[in-house]
Amino acid sequence: MVAQDEPMEESGVTSAPTLRGGLTPEASRLFRVYKTISAMLKKRGYMVPREMREMTPADFTNKFGEHPSRESLTILVEKADNETDQLFVFFPEDEKVGVKPIKVYTDRMREENVTNAVLVLRVDITPFAKQAVQEISDDCRIEHFKEAELLVDITEHTLVPKHQVLSMNEKGELLKRYRLKETQLPRIQPNDPVARYYGMKRGQ
């Protein structure tokens, strides 16, 4: 159970409650999401700075402030084996993300020649925004997760076995070694939580 300090009153003004580690409830939630995203990017093969992976609540406050703006949390990473394979992580402000923010993000992606992005949604994305994401899927791949899905790292759960995404060469070697056809391999649905965590595509 997280200990909560009593709100401090001064001159009739009540401050926001803080949690252990000096974070407000909102900042604490964003900190947990940020840590999960950092771990997810690392497991996808992106280069994640040590200060992100090992960030403490105090580090988070020093970097983003007591009331972090979601825009300031934007992340840009590149693959360890291919610096041109980059990915943005955006944290939209709107509770339900519409078409306008999607256009802003895709414009920035095109400007910086980045074709992959993850949206961390406060609540959800509108049907029109989903359609907009689908329409640009040939040029850009935009995934989206709700904050609630990222409060914990599902791959660290004791009941979730270790997963590893194979390259096409590794997949070919596996099929050859065990004399299998691709259709004989076990299937995992694209909307499976672990498949989404690793950003798996059909055929991987």
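Conventions adopted
Every chain's residues receive numbers from 1 upward, in the order its sequence appears when written. Owing to the predicted nature of the model, reporting of local features is limited to residues with pLDDT of at least 70; listing and counting of side-chain atom pairs is limited to 80 or more, with chain, interface and lining totals taken over all residues. Heavy atoms from the whole structure form the basis of all side-chain values; hydrogens and water molecules are not counted. Take the buried Ala, Val, Leu, Ile, Met, Phe, Trp, Tyr and Cys residues and link them wherever side-chain atoms come within 4.5 Å; each set so joined is a nonpolar core. Each residue's exposure class comes from its accessible area (1.4 Å probe, protein chains only) as a fraction of the maximum for that residue type: buried when under 20%, exposed when over 50%, partly exposed otherwise. A run of H or I in DSSP counts as a helix once it spans at least four residues, and a run of E counts as a strand once it spans at least two, with each numbered from the N terminus. Whether two residues touch is decided by their heavy atoms; if any such pair falls within 4.5 Å, the residues are in contact. Salt bridge, as used here: a side-chain nitrogen of Lys or Arg that lies within 4 Å of a carboxyl oxygen of Asp or Glu. What makes a patch is a set of residues exposed beyond 30% relative accessible area and free of salt bridges, joined within 9 Å when like-charged and within 5 Å when nonpolar (Val, Leu, Ile, Met, Phe, Trp, Tyr). Only the protein chains shown count as covering a residue, and every accessible area follows the Shrake-Rupley method with a 1.4 Å probe. In this count, Lys and Arg are taken as positive residues and Asp and Glu as negative ones, while His and the chain termini are left out. Throughout, a charge is located at the NZ atom of Lys, the CZ atom of Arg, the CG atom of Asp or the CD atom of Glu. Between any two strands, at least two bridges found by DSSP are needed for them to pair. All axes here are fitted lines through C-alpha atoms, helices being fitted over the stretch that makes contact, and every angle between N-to-C directions spans 0 to 180 degrees. Arc definition: directions from the helix axis to the C-beta atoms. A pair of Phe, Tyr and Trp rings is counted when the ring centres sit within 6.5 Å of each other, with Trp represented by its six-membered ring. The angle between the planes then sorts it: under 30 degrees is stacked, over 60 is edge-to-face, the rest tilted. The rule is short: NZ of Lys or CZ of Arg within 6 Å of the ring centre and within 35 degrees of the ring normal puts a charge over the ring.

1. Let's talk about the nonpolar core
Counting residues in hydrophobic clusters, the biggest one holds 31 residues, and the most contacted among them are Tyr34, Ile37, Leu41, Phe60, Ile75 and Val89. Looking at this core, the element that brings in the most residues is helix H1 (residues 25–43), giving eight residues. Ignoring anything within four residues of it in the chain, the contact list for Tyr34 reads Met52, Met55, Phe60, Lys63, Phe64, Leu73, Ile75 and Phe91. Among the nonpolar cores identified, the runner-up in size contains 17 residues, and Ile102, Val114, Leu119 and Ile125 belong to it.

2. Some details on the pattern of salt bridges
Going through the model one piece at a time under the given rule, you end up with ten salt bridges. In this structure, Glu147 and Arg70 form a salt bridge, with 2.4 Å as the shortest nitrogen-oxygen distance. Placement of Glu147 in the loop between strand S8 (141–146) and helix H6 (168–177) and of Arg70 in the loop between helix H3 (57–64) and strand S3 (75–79) is noted, with a sequence separation of 77 residues between them. Grouping residues by exposure puts Glu147 and Arg70 together as buried.

3. Quick notes on a negative patch on the surface
A cluster of like negative charges, contributed by Glu71, Glu93, Asp94 and Glu95, occupies part of the molecular surface. In this structure Glu71 comes out as exposed when scored by relative accessible area, which is 64%.

4. Thoughts on the sheet that holds S8
Spatial ordering of the open sheet is given by S3-S4-S6-S8, a layout of four strands whose pairing is mixed. One side of each edge strand has no neighbouring strand; the edge strands of this open sheet are S3 and S8. This sheet shows a mean twist of 20° between the axes of neighbouring strands, independent of strand direction. Strand direction decides the pairing type here: S3 and strand S4 (residues 82–90), joined by five bridges, are antiparallel.

5. Focus: H3
Since the α-helix advances by 3.6 residues per turn, residues separated by three or four positions end up pointing in the same direction. All of the buried residues in H3 are Phe60, Thr61 and Phe64. One side of H3 holds all its buried residues, which, seen down the axis, span an arc of 95°. The exposed set on the far side of H3, more than 90 degrees from its buried face, consists of Asn62 and Lys63. In this structure, the buried side of H3 is in contact with H1. Directly beyond the C-terminal end of H3, a positive phi value near 90° is found at Gly65.

6. A look at helix H5 (residues 127–135)
Listing the buried residues of H5 in full gives Ala129, Ala132 and Val133. Each buried residue of H5 lies within a common arc of 100° when the element is viewed along its axis, so the set occupies one face. Exposed residues pointing more than 90 degrees away from the buried face of H5 are listed as Pro127, Phe128, Gln134 and Glu135. Looking at the packing, one finds that the buried side of H5 touches strand S5 (96–97), helix H4 (99–111), strand S7 (124–125) and S8.

7. Brief notes about the packing of aromatic side chains
Overall, the coordinates contain six aromatic pairs when judged by the stated rule. Ring geometry for Tyr34 versus Phe60: centroids 5.9 Å apart, planes at 65°, classification edge-to-face. Placement of the pair is Tyr34 in helix H1 and Phe60 in helix H3, with a sequence separation of 26 residues. With respect to burial, Tyr34 and Phe60 carry one shared label: buried. An aromatic cluster is built from Phe31, Tyr34, Phe60 and Phe64, whose rings are joined through pairwise contacts. Looking at Lys79, its charged tip hangs above the ring of Tyr46, at a distance of 5.0 Å from the centre.

8. Comments concerning unusual backbone geometry
The phi dihedral of Asn113 is positive, around 60°, even though this residue is not glycine. Here Asn113 lies in the loop between H4 and strand S6 (116–121). The exposure class of Asn113 is exposed, given its relative accessible area of 63%.

Taken by themselves, the reported measurements are silent on function.
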